[in-house]
Amino acid sequence: MRLLGIALALALGGCSAAPTQSAPGPSPNAADPTASAPPSGFDGALLPAGLPPHDFALTDPRGRRVDLRSYRGRVVILTFLSTLGTRSSPLIAQQIRGALDDLERPVPALALTANPAADTPAHIRRFLSEASLLGRLTYLTGPPARLRPIWRAYHVVPVSGSANGGAGGRTRAFDRAATVILIDPQGRERVVFGVEQLTPEGLAHDVQRLQGP
């Protein structure tokens, strides 16, 4: 878990975690990510090898159960979004849509809620429709008790269901820490993009590298 926290800090350009998070401190080279970034050939930040998968099972707006394990053998785009009140969520959705447009071989794209109080089926449908992602991105929700361990595992600052100050403070913390993660066919987290590094071209490029020939 310490290695994942360091990799996320590097990808976000040294941004600090929210006060309520127990994420480890930044790497000594976090102020200059290029100083420690390996020549991996990936556009995103390559995560340390051997990280165990953080599996989960949640439901889509129709109540259908979705298990991360069911995607073994495929590259998965994974992110955390809120349909209301954040600056990063619409941007992330647009970048993911652009990457999906660029890919010759489609991949599953999963968005887990960071705001279960607001992410109703109607709000999710409107959000996905505005981003042209209906039927292309699976938006997953669940009760806060089930979501909290998932948020902790992925170092997500939730927009709701957190005691981190008021709503404005939670939203700003979420936007600072927002990421997109690529999971390889073995279920391992391999590449992470901070919002500032995220582009459709870079995301599609790294998906294709993980897909292989």
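This is a predicted model, so every value here is computed, not measured.

(A) Spotlight on the overall build of the protein. Looking only at helices and strands, one finds seven helices and eight strands in the protein. A buried classification covers 50% of the 213 residues belonging to the protein. Partitioning the intrachain contacts of the protein with sequence separation of at least 6 by distance along the chain shows that 74% fall at a separation of at least 24. Accessible surface computed for the protein: about 10000 Å², of which carbon and sulfur atoms make up 52%.

(B) Inspection of the nonpolar core at higher detail. Counting residues in each nonpolar core, the largest one holds 31 residues, and the members touching the most others are Ile77, Ile96 and Leu203. Breaking this core down by element, the ones donating at least two residues are strand E4 (76–81), helix H3 (88–102), strand E5 (109–113), helix H4 (121–130), strand E7 (179–183), strand E8 (189–194) and helix H7 (200–211). Tallying contributions element by element places H3 first for this core, with five residues. Excluding anything up to four places from it in sequence, isoleucine 96 contacts Ile77, Thr79, Ala109, Leu137, Val180 and Leu203. Counting 25 residues, the second-largest nonpolar core is a separate cluster that includes Leu78, Leu112, Trp151 and Phe174.

Conventions adopted
- Residues numbered from 1 in each chain as written.
- Predicted model: local features only at pLDDT ≥ 70, side-chain atom pairs only at ≥ 80, totals over all residues.
- Heavy atoms only, no water.
- Helix = DSSP H or I, 4+ residues; strand = E, 2+ residues; numbered from the N terminus.
- Buried < 20%, exposed > 50% of the residue type's maximum accessible area, 1.4 Å probe, protein only.
- Contact = heavy atoms within 4.5 Å.
- Areas by Shrake-Rupley, 256 points an atom, 1.4 Å probe, with all protein chains shown as cover.
- Core = buried A, V, L, I, M, F, W, Y, C linked by side-chain atoms within 4.5 Å.

Keep in mind that these numbers describe shape and distance, not what the molecule does.
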